[in-house]
Amino acid sequence: MSQLLAQSAAAAAAAVPPGAADAGMPAAEHPPPAPAAPALLELVNVWKRFGDAPRQMVAVTNVNLKIAPGEFVTLVGPSGCGKSTLFNMIAGLLAPDSDGSVLFGGAAQRDGQLLGKVSFMPQRDLLFPWRTVLDNAILALEVEGVPRRAARQRAEAMLPEFGLTGFGKHYPHQLSGGMRQRVALMRTFLFERDLLLLDEPFGALDALTRTRMQHWLLDLWTRHRRTVLFITHDIDEAIYLGDRVLVMTARPGTVKSEQRIDLPRPRDPAIVTAPEFVRIKRRLLDEIEEESRKSFLQEESRA
Amino acid sequence: MSRLMPATPVARALLRSPLFAALALALAWELAVRGLAISPRYLPALSAVLRDAWSVWPQLFASFNRTLLETLLGFAAGAAFGCLAGITFSYARLMERAVFPLFVVSQTVPVVAFGALIVIWFGNSLLAKVVTAFFLTFFPVTVNTLHGLASCDPQRIALMRSFGARGPVMFFKLALPSALPQILVGLRLGIGLSLVGSIVGEWFGETLGLGVMLIEAMNSDQIVRIWVVIVACGLMGALLYSVLTLIERKIIWWRAES
């Protein structure tokens, strides 16, 4: 382990421009959670490069992060910053480069070992048009081998909670965008894993529907207390939902800083106008602004 | 425009139906032949064709059934083989590289040359015609099955993988249903070709069938009889195609909406 860390430090020093090297775990506003509670998910110096040397594209560099059980962590960053690459690695769909590792429940995960351990919800709802709402929701259960009837009963009982009462026998094309997204979330929830991985689930919805869905998601989370890692490019959404907001830099992406959100829960949608909320938002905006300025300067000096 | 369209929905549906188009074509045919005094050598009147069909009705009916049987058997065999081949190719890339080119070459062999071989191998049996029909059917089904399976949405595959799905589960729950529309395209192409195959197969020796009637009519210069066979083939093709369309609507109804 220590050898690995030394290696990774060397790699980071070699590949990352000065000033960015120490960005992995910056001085947070508040101390990180006590190490007594073991992290559910831990990323240690995770990199992902595509292609070979001359035209190599570095999507993700030196990502270190820890997520404690029951925590709601949001990850915010500009588009194209490697968020989705990072996500695919956490879902087990993509192997990280060999200089880093992903630990789940304290154990290092090799290629493909994470598959089936994380409830993953991609940006698009990806509902199967030939399945009803109910049958879409139980897709993961069917894959696991749960008998269809039992699975349907479990899903049926969850319909009201997801605002889909009476829609169990409908087909995806008969639903609105918000409802389709709730079916996808229900499918993710029914695949009962400790970690929920949500990739901009409300990105395609209109602003009003999105606000309603965020509120509803918080409600759901309060009741079920699953660990959530939620990706978004919307700062308001990140602050409103999260216990912690991680800020990612532009490509090559890395976690630049983290911000603990101490706003009291349950949070009302109107909290976005509270002075405390605005203060946090301004600080995050400054950071992101600084980041984009830096990468802009870098590009200019290179030119 | 609205004045030209009939007001009732029933009439409008009738106007749009293929049956109406067929009747209109038949009427135009009859009127054109009479009005323009076209020589029966080039185009006999539809009424004359129908009269001739009636005069040979028992033979025509038996031939129709025989050719239909050959077509259906050849089509079923070709469809089954084509699907299996497409699935095999999509899962075994090596097989695709090695064997698929042979499939392509097989389709460049003229079916007439192939027919001679078939007679040598299978004699004048029903099987010979079925094999000819099969020969023309399996290729479009293979190509479309392969294409349908290959164009499965990668994000859906990723989602299923994240649930831990592999192998047969992935195939039956995702790959096959999403390939079905494309497979049906292959079947639609195959059904017409299968009919051509069985008719050509009959040319190499048979006593019963639409292909036999066609050859006989050509040899004895019975122009009207040729048209009888053409209309019969057209009817059979339309029948088979519409049955297939009905089946398609039943099993992949979701396609229209997504």
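Computed from a predicted model, the values in this text were never measured in an experiment. (Residues numbered from 1 in each chain as written. Chains lettered and ligands numbered in written order. Predicted model: local features only at pLDDT ≥ 70, side-chain atom pairs only at ≥ 80, totals over all residues.)

Regarding the overall build of chain B
For the record, the criterion: For the purposes of this entry, the term helix denotes a DSSP run of H or I that reaches at least four residues, the term strand denotes a run of E that reaches at least two, and both are numbered from the N terminus. In this description, a residue-residue contact is defined by the distance between C-beta atoms placed from the backbone, which must lie within 7 Å.
Of regular secondary structure, chain B possesses 11 helices and zero strands. Walking chain B from its N terminus toward its C terminus, one meets helices and strands in the order α-α-α-α-α-α-α-α-α-α-α. Projecting the C-alpha coordinates of chain B onto the three principal axes gives extents of approximately 70 × 60 × 25 Å. Partitioning the contacts of chain B with sequence separation of at least 6, the portion at a separation of at least 24 is 76%.

Here's the deal with the environment of Leu-210 of chain B
Residue and element names in this part refer to chain B. Counted only if it meets this: In this scheme every C-beta is placed from the backbone, and a residue whose C-beta has 20 or more other C-beta atoms within 10 Å is buried, one with 12 or fewer is exposed, and one in between is partly exposed.
Topologically, Leu-210 is positioned in helix H10 (residues 210-219). According to the C-beta neighbour criterion, Leu-210 is buried, with 26 such atoms within 10 Å. Along the backbone, Leu-210 and Trp-254 are 44 residues apart, and their C-alpha atoms lie at a distance of 38 Å. Non-local contacts of Leu-210, meaning those with residues more than four positions away in its chain, are made with Ser-63, Phe-64, Thr-67, Ile-199, Val-229, Ala-232 and Cys-233.

Some details on the interface of chain B and chain A
Going by this rule: As a working rule, the residues Ala, Val, Leu, Ile, Met, Phe, Trp, Tyr, Cys and Pro are called nonpolar, Asp, Glu, Lys and Arg charged, and the rest polar, with Gly in that last group.
Taken together, the contact pairs 16 residues of chain B with 20 residues of chain A. Broken down by secondary-structure element, the contributors of at least two residues to the side of chain B that touches chain A are helix H8 (154-162) and helix H9 (167-202) of chain B. With seven residues, the single largest contributor to the side of chain B that touches chain A is H8 of chain B. Classifying every residue of the side of chain B that touches chain A by side-chain character gives eight nonpolar, four polar and four charged.

Considering helix H5 (residues 93-108) of chain B
Residue and element names in this part refer to chain B. Defined as follows: Expected helix span is given by 1.5 Å per residue-to-residue step, counting one fewer step than there are residues. Bend at a given residue is defined as the angle between two axes, one fitted to the seven residues that end at that position and one fitted to the seven that begin there.
For H5, with 16 residues, the first-to-last C-alpha span of 23 Å sits near the 22 Å given by 1.5 Å per residue. By the largest-angle criterion, Val-99 marks the main kink of H5, which is about 40°, and a proline, Pro-101, follows within four residues. Here H5 lies mainly on the outside; zero of its 16 residues are buried.

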